[in-house]
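# Close look at the chain arrangement
For reference, the chains in residue letters:
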Amino acid sequence: MTRRLELHPDRLFPADPATRAIARSLYATVATLPIVSPHGHTDPRWFATDAPWTDATSLLLAPDHYLFRMLYSQGISLDALAIPSRAGQPATDPRAAWRVLAEHYPLFRGTPSRLWLDHVFTQVFGLDVALEAATADLYFDAIGEALATPAFRPRALFDRFHIDFLATTEGAQDDLDAHHAIRASGWQGRVVTTYRPDGVIDVEHEQFAGAMRRFAELTNEDVGSWQGYLAAHRRRRADFRAAGATATDHGHPSARTANLSTAECEALFARITGGTWDAADAELFRGQMLTEMARMSAEDGMVMQIHPGSFRNHNAGLFASHGRDKGADIPMRTDYVAALKPMLDVVGTDPNLTIILFTLDESAYARELAPLAGHYPCLKLGPAWWFHDSPEGMRRFREMTTETAGFYNTVGFNDDTRAFLSIPARHDVARRVDCAFLARLVAEHRLEDWEAAELAQELTSGLVRRAYRLDGGIGATA
Amino acid sequence: MTRRLELHPDRLFPADPATRAIARSLYATVATLPIVSPHGHTDPRWFATDAPWTDATSLLLAPDHYLFRMLYSQGISLDALAIPSRAGQPATDPRAAWRVLAEHYPLFRGTPSRLWLDHVFTQVFGLDVALEAATADLYFDAIGEALATPAFRPRALFDRFHIDFLATTEGAQDDLDAHHAIRASGWQGRVVTTYRPDGVIDVEHEQFAGAMRRFAELTNEDVGSWQGYLAAHRRRRADFRAAGATATDHGHPSARTANLSTAECEALFARITGGTWDAADAELFRGQMLTEMARMSAEDGMVMQIHPGSFRNHNAGLFASHGRDKGADIPMRTDYVAALKPMLDVVGTDPNLTIILFTLDESAYARELAPLAGHYPCLKLGPAWWFHDSPEGMRRFREMTTETAGFYNTVGFNDDTRAFLSIPARHDVARRVDCAFLARLVAEHRLEDWEAAELAQELTSGLVRRAYRLDGGIGATA
Amino acid sequence: MTRRLELHPDRLFPADPATRAIARSLYATVATLPIVSPHGHTDPRWFATDAPWTDATSLLLAPDHYLFRMLYSQGISLDALAIPSRAGQPATDPRAAWRVLAEHYPLFRGTPSRLWLDHVFTQVFGLDVALEAATADLYFDAIGEALATPAFRPRALFDRFHIDFLATTEGAQDDLDAHHAIRASGWQGRVVTTYRPDGVIDVEHEQFAGAMRRFAELTNEDVGSWQGYLAAHRRRRADFRAAGATATDHGHPSARTANLSTAECEALFARITGGTWDAADAELFRGQMLTEMARMSAEDGMVMQIHPGSFRNHNAGLFASHGRDKGADIPMRTDYVAALKPMLDVVGTDPNLTIILFTLDESAYARELAPLAGHYPCLKLGPAWWFHDSPEGMRRFREMTTETAGFYNTVGFNDDTRAFLSIPARHDVARRVDCAFLARLVAEHRLEDWEAAELAQELTSGLVRRAYRLDGGIGATA
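Residues numbered from 1 in each chain as written. Chains lettered and ligands numbered in written order. Predicted model: local features only at pLDDT ≥ 70, side-chain atom pairs only at ≥ 80, totals over all residues. Heavy atoms only, no water.

Note the following rule: UniProt positions are given in the numbering used here, feature names are shortened, and annotations may be inferred rather than shown by experiment.
An unreviewed UniProt entry lists chain A under the name Uronate isomerase, with Sphingomonas abaci as the source organism. In the Pathway (unreviewed entry) part of its UniProt record, chain A is described as follows: "Carbohydrate metabolism; pentose and glucuronate interconversion." Under Sequence similarities (unreviewed entry), UniProt gives the following word-for-word description of chain A: "Belongs to the metallo-dependent hydrolases superfamily. Uronate isomerase family."

What follows is the structure, encoded as structure tokens:
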């Protein structure tokens, strides 16, 4: 006997009846608003080619490190899940891999992955039985058949999902061909890029040298000199703006910034490019480049996002066999107060600049980030990120930031995902959790109902559009 | 159309009806108890001269860094808010500044400032429409008119607010004239001082040299020698006690303490006064002085308060233009376990000494502070402080400290404010949040109702009176 | 007039009626399941000799540092509580000590100790009036009389408590005589040991030299050589397995691990045994030994428990007068991400190894521990520990770990207690808090009711039995 699968209309709302009623009515006003996704990692080639996806495993399991890391944590090999290694794609049958997921689906109880997947299963594919060993093949077949139809092509789903804006992320060494193809195609979906120069800033990345060569080719600048290197960044930022970008993104090990003199920058850059750097130089250079990027953002209007604090590729054995992005990135304690001061000494009081801060260290929310964002004109708080993009994580974010930073120094929701089909699910969870939080404030008479209604709109739509400059300035002129 | 403004009698109580009913009945037993304010920053000259305040902006906006930092974070200049800079008072019309606050009042949704202000508007001034652009002038006029009447003079409000005890904070270099004038006036309000010697302890403060000169003049001690410097502290502590002080206060960058030999102290002090100190010396000296102050407290009975962990004047540009206390103090991660050990090795087991610890780093509540206060006879926990003096912050304080430290190692509420009119509002929020917490314990059958009723009294009145020694010992003999 | 004492059947369940009903029905399915206690500190001699306990003070107060540290924090001397010092047992009458506890019982309001004690009083001793000054003698007499009867002997209570498995903890230098006596007695209770080698690993422990001598005697190995020392560990691990152990336990100041070459190990060990070590060597050696223990666990199947982050004996005066374990151990900030990497580089991907991590630093739950356990095959999360083994602490544990690690990377409950009579109380609190958490997920439609029912069984019984290998592998072959 299989179990029915159905999403409850009151899911994620508080159990108290009065509070739930408020949450429900707030949610009703934002449930169907268009999706604005200003930060994520979907593949722009999907929208450029509009080619169909092939099967449940390659679409839903293989790219989703939330899923396979949990299975891996319970002793299941990545080969059994059809995850590519450095040696290439394993011979595993996609259907067999899907069955492994189905058999182990209880592992995801209590996790956001479970909420997202059930949403995809019911709302995108119309499935009405729960995923378990007995239904694995039914799922695999139903999903495969759907994907073969025109209604499940990337652009058709983009429309069906009511996506108003979708940003992908590309490196400074990327030629942006997929984005050019999207624009050349005449398709009206607004899919834009984001400038992420980490590959040409982090000398400790194993592909730094290759990225720098490509950076030089794409810009015709002398990237071996400090001034030429900065000029190359300016050129590429302009290229990215021409491809619709309104933002940059920086994923550094720490939030360290620096404010060196030009002579110090030149000497440091010579060590970086000359191969005589040490770990302290690599860190200092990343820190100085955050300040340089902030300066350029103050000039060109691109919104700057800083995502610090992940220890990448923590599992040495897995990195050797399978490479990056295999669920082995672990958050670290992160300081912001001392780390950001050099950059803020340069740009902190510029009200025309927007720097959005993220964290994986929740202890920084109330202690450092809300006070910083509640003071500096240039700073805003990004939403609960990565491991914390979850009902409890988003609730803690609001509880620990609102009283000091208010709602208006936050920027709405980011889905930050590679899993395109989960985008509506993720935005739905965020809207529900925000409405639940607002409902509590109303129920406790800390906010009037009409104010909560205004805020629900702002948290869903207004704040993100303004913070990422989607309706003017940088966005409109690109 | 203007909106009505009304405080709901159930504000800040949990939505669950059974829990709310318990909270409501607990609150009823403490709602009108007199206010005891053992730590704050009101200006004693108000009570010495009893001169009327002039207008809403200079009374409610200009001194309140919670308000103007939020407006500043959204790109509003301090000039537009009539905040004085190093160049003096800007030409801004107070009414124009008030309109800026009114137009941006939604920024405070979800913040404690909103709760406090609405309380002041309705309960102190009897306003019954919400603050917004359309009501800005109505507010400015109504408040101005009220302030011109005798009922709104400082002493009249002190009585109306049922304040039983109010401590201000003065530096070691302060002549205490305002406090002497209060006493000489024959007015019966109990307004006392608190000994805050940071200005003559922190050699990194820009006015250290001047403070030391004044310290010497006021004490006739040789403050250039270590023994003379300590003697000067003893004299001033006696002066402060004579002006009613029962406590000292220490706002240091960290909780670092030290336990040096006399010879080491003399050598360190020679570097401090000789101008040959470095940053490590400055920190070590502050740490040694905490231990010295604790020793003196063990002798003279003054309660010692330690407020560590704020990075002061983080915004370099703003500090250059506007100076200190402009909303740019940002909390830092703070260690207590290693930091306090040298001092505790000296005085930790003295049950006649009281040291009250505060933090801006909530991660220390359950991990360090509750275990320390739940063990050492001399240690007590101060209430949720500054950024955390808010409904969520106070709830987290109770949730993270009670199970290890109990209620009886805490000390009731501090309003810690410069905003005199908000004192009843702040105490009301604290009483409501405490009653809500107690109500949950009763509703979950973790506490009997009669115990919660006893605790509500203790948290409002008993603990603070005993911890700060208001009814005997130091307090009575002053 | 004395007050009635009664445990409410709904205690610790959320107040919301719908959620409470779910919690109540989940709890009903696990309330009477046998107790599995895989980590604790009861005295095996109790079960070896089955001798009666004598009085309330020596059984309930003197061994319970949660109790006497709270009383001490309020200025009560340990002598008054009949706590032994280095000079021996004070002359204090046990009844007088019990009266001190009774008079100060309100100090425990809001603490787990209160919940545990009231459970012991009502459920174990059948008392039905509350403990207070007026009932102190009634309690002391009733408990003393009960303890003199056969039904209150250790083995009788073990059976009455439905304990299925109870692990104690012994040092590497322990002869395990009590455990041998238990086995030789023919009694069927499953009381086993746990291998805790800290005493021969931590050279900073004041009894290290004596422990090493005993370690050599018990193993006949040359513990002065690195290889002989490792061989001695292997022998003792086998001895412990023969006495039923399925696990080892490691209580280090930090989670630091190391991965040195054999030559480096030999050189370091020579400094340790030669007395030429410094603090950095001591820390490095402890770190290297965690990796060695993990390697041995991968070989012999013993489950490895790591309990880091306590600053032991923080109170210098009390340590001098009364020695260890007097409630003066204070948690410290603890890093896991960098600290564990050397060990995980060696054993991290071994799915046959189980390492259970604990923390006293709750900020690590969501940031470090859940991501680590949600990735590494060998890692699992131990339950909320020590100061956090409380209703709020256990709730935070679930809220901060479940979304990333799921339920299945956790290991059920540990009571971790010296207080044998409180074991049922502690397991009951854990079951109630877990059911309350599950009930909230069901009420918010984040989990189906049948899933919550399965999870309630797993959290009470399944996970602990599998994680600690109680039903096979190491457990069965011992």
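## With respect to the overall build of chain A
Quick reminder of the rule: Runs of E in the DSSP output that reach at least two residues are strands. Runs of H or I that reach at least four are helices, and both are numbered from the N terminus. Here the radius of gyration uses the C-alpha set of atoms, whereas the globule reference equals 2.2 Å times the residue count to the power 0.38. Type-normalised accessible area, obtained with a 1.4 Å probe on protein chains alone, sets the label of each residue: buried when under 20%, exposed when over 50%, and partly exposed for intermediate values. Contacts: residue pairs with any heavy atoms within 4.5 Å of one another. The Shrake-Rupley method, run with a 1.4 Å probe sphere, supplies the accessible areas, and residue values consider only the shown protein chains as cover.
Helices and strands together make up the secondary structure of chain A, namely 20 helices and eleven strands. Relative to its length of 478 residues, chain A is compact, with a C-alpha radius of gyration of 23 Å against a globular reference of 23 Å. By its C-alpha atoms, chain A is 75 × 60 × 45 Å across when sized along the principal axes. In chain A, which comprises 478 residues, the proportion classed as buried is 65%. Of all intrachain contacts in chain A linking residues separated by at least 6 positions in sequence, the fraction that spans at least 24 positions is 77%. With the model as given, the accessible surface of chain A reaches about 15,600 Å², and the carbon-plus-sulfur share is 51%.

## What to know about the interface of chain C and chain A
We apply this condition: Buried area is calculated as the accessible area (1.4 Å probe) missing from two parts once they are joined, with the contributions of both summed. A pairing counts as a salt bridge when a side-chain nitrogen of Lys or Arg comes within 4 Å of a carboxyl oxygen of Asp or Glu.
Taken together, the contacts link 45 residues of chain C with 49 residues of chain A. Regarding the contact of chain C and chain A, the summed buried area is about 3,900 Å², with carbon and sulfur atoms giving 53% of it. Considering only the side of chain C, the residues that lose the most area to chain A are Arg367, His375 and Glu403 of chain C, jointly responsible for 20% of the buried surface there. At the junction of chain C with chain A, the criterion picks out seven salt bridges.

## Describing the pattern of salt bridges
For the structure on display, the rule yields 135 salt bridges over all chains. In this structure, Arg286 of chain A and Asp202 of chain A form a salt bridge, with 2.8 Å as the shortest nitrogen-oxygen distance. Highlighted residues: Arg286 of chain A in helix 13 (residues 279-300) and Asp202 of chain A in the loop between strand 5 (195-196) and helix 10 (208-219), separated in sequence by 84 residues. Each member of the pair, Arg286 of chain A as well as Asp202 of chain A, is classed as buried. Arg324 of chain B serves as the salt-bridge partner of Glu206 of chain B, at 2.9 Å between the closest nitrogen and oxygen. Of the two residues, Glu206 of chain B is situated in the loop between strand 5 (195-196) and helix 10 (208-219) and Arg324 of chain B in the loop between helix 14 (316-322) and strand 9 (330-331); the sequence distance between them amounts to 118 residues.

## What about the environment of Pro253 of chain A?
Mapped onto the elements of the fold, Pro253 of chain A is located in the loop between strand 6 (247-250) and helix 12 (262-274). With 81 residues separating them in the primary sequence, Pro253 of chain A and Thr334 of chain A have C-alpha atoms 8.9 Å apart.

## Thoughts on the environment of Phe158 of chain A
Residue and element names in this part refer to chain A. Mapped onto the elements, Phe158 comes out in helix 8 (residues 154-160). Judged by its relative accessible area of 2%, Phe158 falls in the buried class. Counting along the chain gives 266 residues from Phe158 to Pro424, while the straight-line C-alpha distance between them is 10.0 Å. With residues near it in sequence (within four places) discarded, Phe158 still touches Phe47, Ile163, Leu166, Trp187, Gly189, Arg190, Val191 and Phe420.

## Some words on the interface of chain C and chain B
Applied cut-off: Pairing of N or O atoms within 3.5 Å defines a polar contact, subject to two protein rules: one partner must be a possible hydrogen donor and the other a possible acceptor, and residues neighboring in sequence count only if both atoms are side-chain atoms.
In this assembly, 49 residues from chain C lie in contact with 45 residues from chain B. Overall, the association of chain C and chain B removes approximately 3,900 Å² of surface from exposure, summing both partners, and the carbon and sulfur fraction of that is 53%. When the area that chain C buries against chain B is broken down by residue, the three leading residues are Arg109, His314 and Arg333 of chain C, summing to 19%. Linking chain C with chain B are seven salt bridges, by the criterion used here. For the pair chain C and chain B, the number of links is 26 residue pairs in polar contact (both at pLDDT 80 or more). Those elements that provide at least two residues to the side of chain C that touches chain B are helix 1 (17-30), helix 4 (65-73), helix 6 (112-124), helix 14 (316-322), strand 9 (330-331) and helix 17 (391-405) of chain C.

## What to know about the packing of helix 12 of chain A against helix 13 of chain A
Residue and element names in this part refer to chain A. Stated formally: The axes are straight lines fitted to the C-alpha atoms, using for helices just the contacting stretch, and the angles between their N-to-C directions are given from 0 to 180°. Relative orientations are named as follows: roughly parallel for angles under 35 degrees, roughly antiparallel for angles over 145 degrees, roughly perpendicular for angles from 65 to 115 degrees, and oblique for any other angle. The sense of a crossing depends on the near helix, which, turned anticlockwise from the far helix by less than a right angle, makes the crossing left-handed and, turned clockwise, makes it right-handed.
Where helix 12 contacts helix 13, the two axes come as close as 10 Å, and the packing angle between them is 130°. By the angle class used here, helix 12 and helix 13 are oblique. Here helix 12 and helix 13 pass one another in a crossing that is left-handed. Of the residues in helix 13, those touching helix 12 at Cys265, Leu268, Phe269, Arg271 and Ile272 are Asp281, Ala282, Leu284, Phe285, Gln288 and Glu292.

## Focus on helix 19 (residues 449-467) of chain B
A turn of α-helix holds 3.6 residues, and therefore any two residues three or four places apart point the same way. Residue and element names in this part refer to chain B. Counted only if it meets this: Throughout, the bend at a residue refers to the angle made by two axes, fitted to the seven residues ending there and to the seven starting there.
Along helix 19, the largest kink reaches about 55° and is centred on Glu458. Along helix 19, the residues that are buried comprise Glu451, Ala452, Leu455, Ala456, Glu458, Leu459, Thr460, Gly462, Leu463, Val464, Arg465 and Ala467. Of the residues flanking the end of helix 19, it is Arg469, one or two places downstream, whose phi is positive at about 60°.

## Looking at the relation of the copies chain C and chain A
Put simply, the rule reads: Only residues with pLDDT of at least 70 in both copies count here: their C-alpha atoms drive the least-squares fit that superposes the copies.
Placing chain C over chain A gives an RMSD of 0.0 Å and needs a rotation angle of 120°, together with 0.0 Å of translation along the axis. The relationship between the two copies is best expressed as a three-fold rotation axis. Counting the interface residues of chain C, we find that no more than 7% of their copies in chain A are interface residues as well, pointing to two distinct contact surfaces.

## Considering the environment of Gly126 of chain B
Tracing the sequence through the fold places Gly126 of chain B in the loop between helix 6 (112-124) and helix 7 (136-147). Along the chain, Gly126 of chain B and Gly88 of chain B lie 38 residues apart, while their C-alpha atoms are 33 Å from each other.

## Digging into the packing of aromatic side chains
As a reminder, the rule being used: When the centres of two rings from Phe, Tyr and Trp lie within 6.5 Å, Trp using its six-membered ring, the rings pair. Their planes under 30 degrees apart give stacked, over 60 give edge-to-face, and anything left gives tilted.
Going through the model one piece at a time under the given rule, you end up with 87 aromatic pairs over all chains. When the ring of Phe161 of chain B is compared with that of Phe420 of chain B, the centres are 5.4 Å apart and the planes differ by 45°; the resulting orientation is tilted. Taken together, the residues span a long stretch of sequence, with Phe161 of chain B in the loop between helix 8 (154-160) and strand 2 (163-167) and Phe420 of chain B in the loop between helix 17 (391-405) and helix 18 (423-443) at a distance of 259 residues. With 5.3 Å between their ring centres and 80° between their planes, Trp46 of chain C and Trp53 of chain C make a pair best called edge-to-face. Comparing Trp46 of chain C with Trp53 of chain C, the two get one shared label, buried.

## Details of the domain arrangement of chain A
All names here are of chain A. Heads up, the condition is: What counts as a domain boundary in this text is fixed by an automatic or database domain assignment. All amino acids are sorted into three groups, where Ala, Val, Leu, Ile, Met, Phe, Trp, Tyr, Cys and Pro are nonpolar, Asp, Glu, Lys and Arg are charged, and the leftover types, Gly among them, are polar.
Per the domain assignment, the segments of chain A are domain 1 (52-152) and domain 2 (154-468). Together domain 1 and domain 2 conceal approximately 2,400 Å² of surface at their shared face, both sides included; 67% is due to carbon and sulfur atoms. In this assembly, domain 1 and domain 2 are joined by zero salt bridges. Across the domain 1-domain 2 interface, the total number found is seven residue pairs in polar contact (both at pLDDT 80 or more). By residue number, the principal contributor to the side of domain 1 that touches domain 2 is helix 6 (residues 112-124), which donates seven residues. For the side of domain 1 that touches domain 2, a count of residues per class yields 19 nonpolar, four polar and three charged.

## Concerning the pairing of strand 2 of chain B
Residue and element names in this part refer to chain B. Put simply, the rule reads: Paired strands are those between which DSSP finds at least two bridges.
The buried fraction of strand 2 amounts to four of the five residues, a majority that puts the element mostly inside the structure. Pairing of strand 1 (residues 35-37) with strand 2 involves three bridges; the strand directions are parallel. Across the sheet, the residue bridging to Ile35 is Ile163, located in strand 2. Relative to strand 4 (residues 191-192), strand 2 runs parallel, the two being bridged by two bridges. Bridge pairing in strand 4 places Leu166 opposite Val191.

## Digging into helix 16 (residues 363-373) of chain B
Of all eleven residues that make up helix 16 of chain B, eleven are buried, and the element is covered over most of its length. Within helix 16 of chain B, burial applies to Ser363, Ala364, Tyr365, Ala366, Arg367, Glu368, Leu369, Ala370, Pro371, Leu372 and Ala373 of chain B.

## Structural notes on the relation of the copies chain C and chain B
When chain C is fitted to chain B, the best match, at an RMSD of 0.0 Å, comes from turning it 120° and sliding it 0.0 Å along the axis. Of the interface residues in chain C, just 6% have counterparts in chain B that sit at the interface too, so the contact is made through distinct surfaces.

## Thoughts on the sheet that holds strand 4 (residues 191-192) of chain C
Residues and elements named next belong to chain C. Strands sit in the order 1-2-4 across an open sheet of three strands; the sheet is parallel. Each edge of the open sheet carries a strand with a single partner, namely strand 1 (35-37) and strand 4. Helix 18 (residues 423-443) rests against strand 1 and strand 2 (163-167) of the sheet, and its axis sits at about 100° to strand 1.

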